Amino acid sequence: MARPRTGSEGARATKPVQSKDRATSSVASRRAVLKRIKDEDVEHVLFWFTDLEGHLKSFAITPSEIEGALDDGMGFDGSSITGFNRIEESDMVAIPDPETFEIMPRPVDEHGHALGAKVGRMICDVVKPDGKPYEGDPRYILKLAIERMKKLGFDAFNVGPELEYFLFEDDKGTETIDEGGYFAMTVQDAATEVRNDTIGALESVGIEIEYHHHEVAPSQHEIDMRYDNALSMADKTMTYRIVVKEVAAWHGYYATFMPKPLFGENGSGMHTHMSLFKGGRNQFFDAKDPNHLSPTAKAFIAGLLTHARELSAVLAQWVNSYKRLVPGYEAPVYVAWSQRNRSALIRIPLYKPGAEQATRAEIRCPDPACNPYLTFAALLHAGLEGIEKGYELPDPMETNLYHLTAEQRRERGIVSLPETLGEAIDELSRSELAKKALGPHIFDRYVELKRKEWDEYRVQLTDWEMKKYLSVL
Ligand code: GLU
Ligand code: MG
C-alpha cells in the first residue's frame, strides 16, 4: 500500500510540490471534479496508481485537501512500492487525472440503501519531485508507446481485453460455487446474481459492458468491456479487477484472476483484441484482401508473432501463468496465427459484412493477472516494430496445433511460447525490443523481480515430486 506522507492533521503532502501548477489537466475538468465531490457529498477520494506487477496502489484524500492535490499532486513514499525506487530516491508525487474521476460502487442493504462511505477515485500519473514523469510508472510507459504510434501516423490503439476469472468460496482454497460450463444458464449458474451485480457496478463507473457469460470451467466467468483506446482501457482494466473482487466480497465470495487456479480445468485468459485507428477509420481493414486484413494489420500481426516469445514475461508474468499455457485448455502454446483456430496465439475473429471497424487481431496469451499498462505497451511496440520494419506475415495455420507432433511443428516452422517463467525471463532479458518498450529503468527492475520469483519457485519441492519419487527412488 502506498504510504501518503501524512502530517499529524491528516492526509497532507509534507513536501509540497514546488511548481505552482504541475497538473497537465484542464482547469475545467478539475473544477468539474470539485463540483461533483461537493454536490454528491463524497467523503474521500482515492488516488490510484499501479506498481510494476500491476498491483493497484491507493491512498485516500479528504475533500478539504482535494483542490490542492488536483493542482499539485500528492507526495508519497515510493520506496515500499514494488519496482519503484529504493529508499535513497523515494519521493514521488501522484498527479490525479480528473478525467478519470468516478464514484466507487457500494453494496446496498435489503431496502436498497447504500452501505459504507461514498468514495471517489482518480487514476494518477506518478512524477518525480521535479515534476518530470517517473520512468518507473507503468502508465507513463504506455503513454510513451502511444507516442511512438502517433509518430507513425496512427491516432489510436484500440484494445478489447476479455478478462476471465473464478469465483471461490474464499481465498483459502478453490471450493467452487457452481458446476457451470460454457454459456451455462441460470439454473446451473448460481453466480449469475453476482455477475449481474458486477456488471451494474462496472457500468456505474463508466465501463461499458458488451458481453458476459459463464466460462468453460466450474465457477469461471467472463465479462467483456467495449473496446477503448489503450490508456483508458488499461485504467478500466485496473478498475474492473477491483470491482469484480469487491462485488464478489459483498456476496461473501472471493474472485481471483489467478491464471490457473484449478488443475485439469481451463485457466483464465485475457485475450486482447487490437486494432489501429486513424481519422476514425480502422487501419486493419482492407476490403480487397481475402482475410479483410490490410498490409498494416499483417505487418502488425507479424510483429506480434516475431516478438511474442521475448515479451511473454510481460503478458504472462507469473510462475502460475505458464501452468495455463499448455495444450488442451484453449490457451495458446504455439506461435502462429489463424482465422478460426483457438490453439493459435493470434486469431482473426470472423469478418461480418459491414463491420469494417471491428476488423481486429486477438492475441490469446496474456492473462488477467498481468500489468495492463505494460501489456498494452508491449503489444503495441511489437506491432509497430512489424510495421516500421516491414515484417512479412507467414501463412495462417488452420489445423488444431495441439494435435501436431513435435516433428510436424518443426517442419512447419512453428515455435512454442516459453514453457516456464524462467524461460520467459531469459528471453526477455535478451530482448532489445523489451528494453525499448519498458524503458531501461523498468526493464532492469522487472527482470530482477521476476528472476527472483522464478528462483524462489524452482527450489520448491512439490507434492507431485514427493508422490512420484519418494517411494520408488
Ligand atoms: N480460458 C481459456 C484461456 O485460458 C480461453 C477460453 C475462451 O476461448 O474464451 O485462454
Ligand atoms: Mg473466454
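All values derive from a computational prediction rather than experimental measurement.

What follows covers the pattern of salt bridges. Counted under the stated rule, the structure contains 28 salt bridges. Here K132 ties to D130 by a salt bridge, and the two come within 3.8 Å at their closest N and O atoms. Look at D130 and you get partly exposed, because its relative accessible area is 49%. It is possible to trace a salt-bridge network through shared partners that takes in D97, D125, R139, K143 and D235.

Glancing now at the pairing of strand 14 (residues 334-338). Counting buried positions over the five residues of strand 14 gives five, a clear majority of the element. With burial as the criterion, each face of strand 14 is covered, one bearing Y334, A336 and S338 and the other bearing V335 and W337. Inspection of the sheet shows strand 14 paired to strand 15 (residues 344-347) by three bridges, in the parallel sense. Paired with Y334 across the two strands is A344, which belongs to strand 15.

Near ligand 1 you find 13 residues, and of these E164, E215, G267, H271 and R324 are the closest. At a separation of 3.4 Å, an oxygen atom of ligand 1 approaches a polar side-chain atom of E330. Separating an oxygen atom of ligand 1 from a side-chain N or O atom of R364 is a distance of 3.1 Å. When grouped by side-chain class, the residues that make up the shell around ligand 1 number two nonpolar, four polar and seven charged.

F157, I346 and F376 are the most contacted members of the largest nonpolar core, which has 93 residues in total. The element best represented in this core is helix 6 (residues 295-315), accounting for eleven residues. The residues touching I346, leaving out its near neighbours within four places in the chain, are I301, L304, L305, A336, W337, S338, A361, E362 and I363. With 23 residues, the next largest nonpolar core counts V33, M92, V126 and Y134 among its residues.

What counts and what doesn't
- Residues numbered from 1 in each chain as written.
- Chains lettered and ligands numbered in written order.
- Predicted model: local features only at pLDDT ≥ 70, side-chain atom pairs only at ≥ 80, totals over all residues.
- Heavy atoms only, no water.
- Salt bridge = Lys/Arg side-chain N within 4 Å of Asp/Glu carboxyl O.
- Buried < 20%, exposed > 50% of the residue type's maximum accessible area, 1.4 Å probe, protein only.
- Helix = DSSP H or I, 4+ residues; strand = E, 2+ residues; numbered from the N terminus.
- Pairing = 2+ DSSP bridges.
- Near = heavy atom within 4 Å.
- Polar contact = N/O pair within 3.5 Å; in protein donor to acceptor, adjacent residues only side chain to side chain.
- Nonpolar A, V, L, I, M, F, W, Y, C, P; charged D, E, K, R; others polar.
- Core = buried A, V, L, I, M, F, W, Y, C linked by side-chain atoms within 4.5 Å.
- Contact = heavy atoms within 4.5 Å.

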